[in-house]
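Chain and residue survey
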Amino acid sequence: MSVSSRIKHFASSRLLIGMLATKTLLLSAIAAGLPYLKQHLPLLFAAAFLLSLLEGWESALLHALPLSAGHALETEIAKANSLLSFSSHTATVVGLPITFLATVHWGAASTLWSSAALSWTTLVFAIAFVLLIQEKENIYAKRASRASRFEIKQEDRRQF
């Protein structure tokens, strides 16, 4: 992976985490302010619109993740994007009826708080995943650096 593709990868992962954090905070704010927002429906609709807009941007960003130079890596990224898209659509298809049933059965406030809790859980796992990937990449970079230094030492010995 080249330096420029790593920078793009980290920038997009930070952007994804930022969008997820923003959506989580917005969903938590909607849940906390629901009694007030019920009396001021334009604010509730504006918050829902902003939440939908962030969801659309996040989806577009997932589909536009930077591809690296290696063909094998490109196919792996394409497979990962396809899996993310499939799982996102599946979650939407399954989640909408479940949300409807939960809202009818438990009420809007409980459903929003449950959704906010799940969003916080997702945010924590996403941050942990990004940190784990960065740690693994640092380990691989150190190994590659050591291997190249070892090769240079071997070449120096051959010259003498």
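Keep in mind that this is a model prediction, so the values were computed, not measured. (Residues numbered from 1 in each chain as written. Predicted model: local features only at pLDDT ≥ 70, side-chain atom pairs only at ≥ 80, totals over all residues. Heavy atoms only, no water.)

Turning next to the overall build of the protein chain. On a plain count of helices and strands, the protein chain comes out with five helices and zero strands. Moving toward the C terminus, one meets the helices and strands of the protein chain in the order α-α-α-α-α. By sequence separation, contacts in the protein chain at least 24 residues apart represent 72% of the contacts at least 6 residues apart. Within the structure as shown, the protein chain displays about 11,600 Å² of accessible surface, and the carbon and sulfur contribution to it stands at 70%. (Helix = DSSP H or I, 4+ residues; strand = E, 2+ residues; numbered from the N terminus. Contact = heavy atoms within 4.5 Å. Areas by Shrake-Rupley, 256 points an atom, 1.4 Å probe, with all protein chains shown as cover.)

Where like charges cluster on the molecular surface, the positive patch consists of Lys136, Lys142, Arg143 and Arg146. Along the chain, lysine 142 falls in helix α5 (residues 108–159). By relative accessible area, lysine 142 is classed as exposed at 53%. (Patch = residues over 30% accessible without salt bridge, like charges linked within 9 Å, V, L, I, M, F, W, Y side chains within 5 Å. Salt bridge = Lys/Arg side-chain N within 4 Å of Asp/Glu carboxyl O. Lys, Arg positive; Asp, Glu negative; His and termini not counted. Charge placed at Lys NZ, Arg CZ, Asp CG, Glu CD. Buried < 20%, exposed > 50% of the residue type's maximum accessible area, 1.4 Å probe, protein only.)

Further remarks concern the pattern of salt bridges. In this structure the tally under the stated criterion is one salt bridge. In this structure, the salt-bridge partner of glutamate 55 is lysine 23, at a minimum N-O distance of 2.5 Å. Taken as a pair, glutamate 55 in helix α3 (residues 41–63) and lysine 23 in helix α1 (residues 3–32) lie far apart in primary sequence, 32 residues in all. Classification of glutamate 55 by relative accessible area gives partly exposed; the value is 38%. A residue is classified by how much of its surface remains accessible, and lysine 23, at 10% relative accessible area, is buried.

The subject of this paragraph is the side chain of threonine 111. Take threonine 111: it is sitting in helix α5. On the basis of relative accessibility, which here comes to 12%, the residue threonine 111 falls in the buried class. Separated by 3.3 Å, the side chain of threonine 111 and the backbone oxygen of alanine 102 make a polar contact. When sequence neighbours within four positions are dropped, the list of residues in contact with threonine 111 reads Thr99, Ala102, Thr103 and Trp106. (Polar contact = N/O pair within 3.5 Å; in protein donor to acceptor, adjacent residues only side chain to side chain.)

Among the nonpolar cores identified, the biggest contains 10 residues, and these are Leu26, Leu27, Ile30, Ala31, Leu34, Leu37, Leu44, Ala47, Leu112 and Ala116. At the level of secondary structure, the elements contributing two or more residues to this core comprise α1, α2 (34–39), α3 and α5. Residue contributions to this core peak at four residues, all from α1. Look past the residues within four positions of leucine 112 in its chain and what remains in contact with it is Leu27, Ile30, Ala31 and Leu34. Core analysis: the next-biggest nonpolar cluster, separate from the first, contains five residues, Ile17, Leu20, Leu123 and Ala126 among them. (Core = buried A, V, L, I, M, F, W, Y, C linked by side-chain atoms within 4.5 Å.)

With that settled, consider the confidence of the model for the protein chain. As a general rule, the predicted coordinates of low-pLDDT regions are not to be interpreted in detail. On average, residues of the protein chain score 76 in pLDDT, and 69% of them reach the 70 mark or higher. Looking across the protein chain, the model is least confident in helix α4 (residues 71–106), with a mean pLDDT of 72, and most confident in α2, with 88. Segment residues 1–7: pLDDT under 50, and six contacts once partners within four positions in sequence are set aside and those in other chains are kept. (pLDDT = per-residue confidence, 0-100.)

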